[in-house]
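This is what each chain is made of:
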Amino acid sequence: MLISAILRTKGSQVVSVAPDATVASLLTELARHDIGAVVVARQETLIGIVSERDVVRHLRRRGPDLLAAPVSDIMTSDVVTCVPEDTVEEISEHMTRHRFRHVPVTSKGRVVGIVSIGDLVKSRLRGLEDDRARLEAYIHGT
Ligand code: AMP
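Since this is a predicted model, take the numbers as computed values, not measurements. (Residues numbered from 1 in each chain as written. Predicted model: local features only at pLDDT ≥ 70, side-chain atom pairs only at ≥ 80, totals over all residues. Heavy atoms only, no water.)

**A closer look at the pattern of salt bridges**
Thought 1: Following the criterion strictly, the structure yields seven salt bridges and no others.
Thought 2: The partner of lysine 10 in a salt bridge is aspartate 119, and the shortest N-O contact between them spans 2.8 Å. Highlighted residues: lysine 10 in helix H1 (residues 3-10) and aspartate 119 in helix H5 (residues 117-139), separated in sequence by 109 residues.
Thought 3: Given a relative accessible area of 40%, lysine 10 falls into the partly exposed group.
Thought 4: With a relative accessible area of 14%, aspartate 119 lands in the buried category. (Salt bridge = Lys/Arg side-chain N within 4 Å of Asp/Glu carboxyl O. Helix = DSSP H or I, 4+ residues; strand = E, 2+ residues; numbered from the N terminus. Buried < 20%, exposed > 50% of the residue type's maximum accessible area, 1.4 Å probe, protein only.)

Structure, rendered in structure tokens:
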């Protein structure tokens with residue numbers, strides 16, 4: 001199964017924030033869209049990713065003043081991305097190895113979607129169910 005198949009189902013909406021947006025406004029975006037991470041972009045160029053985990057980690061260190069700090073203070077700049085042609089298995093393995101749950105999808109230098117570990121698990125389960133149905137049909141000769 002390819003990443004492009006997941007994007008066909010979930011769409012290509014990617015929530016992004018500017019690097020100078022405050023952490024408080026980042027929290028508003030996470031809550032409003034009910035998501036765990038957003039990409040950080042400057043004039044449509046991907047420059048980072050920031051997740052709820054970054055907020056938790058830095059909040060513990062800096063206290064409530066963090067809410068007024070820019071997102072660029074807490075984002076990860078070295079973003080691991082994938083392309084629509086990558087397989088779900090490859091990207092699941094990346095996520096497990098690097099211990100993150102979100103991967104932006106890029107094509108020709110543009111962000112065209114984002115997949116979460118939940119999207120990948122859902123798609124792998126669906127694949128396994130399809131395989132089981134095919135095997136059952138084969139065994140029963142239907
Ligand atoms: P997450 O598991 O997605 O909440 O992220 C855990 C940590 O990994 C946070 O510090 C994120 O900023 C970082 N992170 C999340 N996704 C990526 C990614 N695709 N590339 C690099 N770092 C990431």
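**Focus: H1**
Thought 1: For H1, every residue scored as buried is listed here: Ile3, Ala5, Ile6 and Leu7.
Thought 2: Where H1 is buried, its residues contact helix H4 (88-98), strand E4 (102-107), strand E5 (110-116) and H5.
Thought 3: Of the residues flanking the end of H1, it is glycine 11, one or two places downstream, whose phi is positive at about 90 degrees. (Contact = heavy atoms within 4.5 Å.)

**Some words on the environment of valine 88**
Thought 1: Mapped onto the secondary structure, valine 88 falls in helix H4.
Thought 2: Excluding residues that lie within four positions of it along the chain, valine 88 makes contacts with Met1, Leu2, Ile3, Ile6, Leu120, Ser123 and Arg124.

**Some details on the site of the ligand**
Thought 1: Around the ligand, a shell composed of 14 residues is seen, among which Ser51, Asp54, Thr76, Arg101 and His102 lie nearest.
Thought 2: Interatomic distance of 2.8 Å between a backbone N/O atom of valine 80 and a nitrogen atom of the ligand.
Thought 3: Within the side chain of arginine 101, a nitrogen or oxygen atom sits 2.7 Å from an oxygen atom of the ligand.
Thought 4: Contact with the protein chains hides 95% of the accessible area of the ligand, taken as 470 Å² for the molecule alone.
Thought 5: Sorting the residues of the shell around the ligand by element identifies strand E3 (45-51), helix H3 (52-62) and E4 as the ones contributing at least two each.
Thought 6: Tallied by class, residues from the shell around the ligand come to six nonpolar, three polar and five charged. (Near = heavy atom within 4 Å. Polar contact = N/O pair within 3.5 Å; in protein donor to acceptor, adjacent residues only side chain to side chain. Areas by Shrake-Rupley, 256 points an atom, 1.4 Å probe, with all protein chains shown as cover. Nonpolar A, V, L, I, M, F, W, Y, C, P; charged D, E, K, R; others polar.)

**Brief notes about the environment of arginine 110**
Thought 1: Within the secondary structure, arginine 110 is located in strand E5.
Thought 2: With 65 residues separating them in the primary sequence, arginine 110 and threonine 45 have C-alpha atoms 7.4 Å apart.

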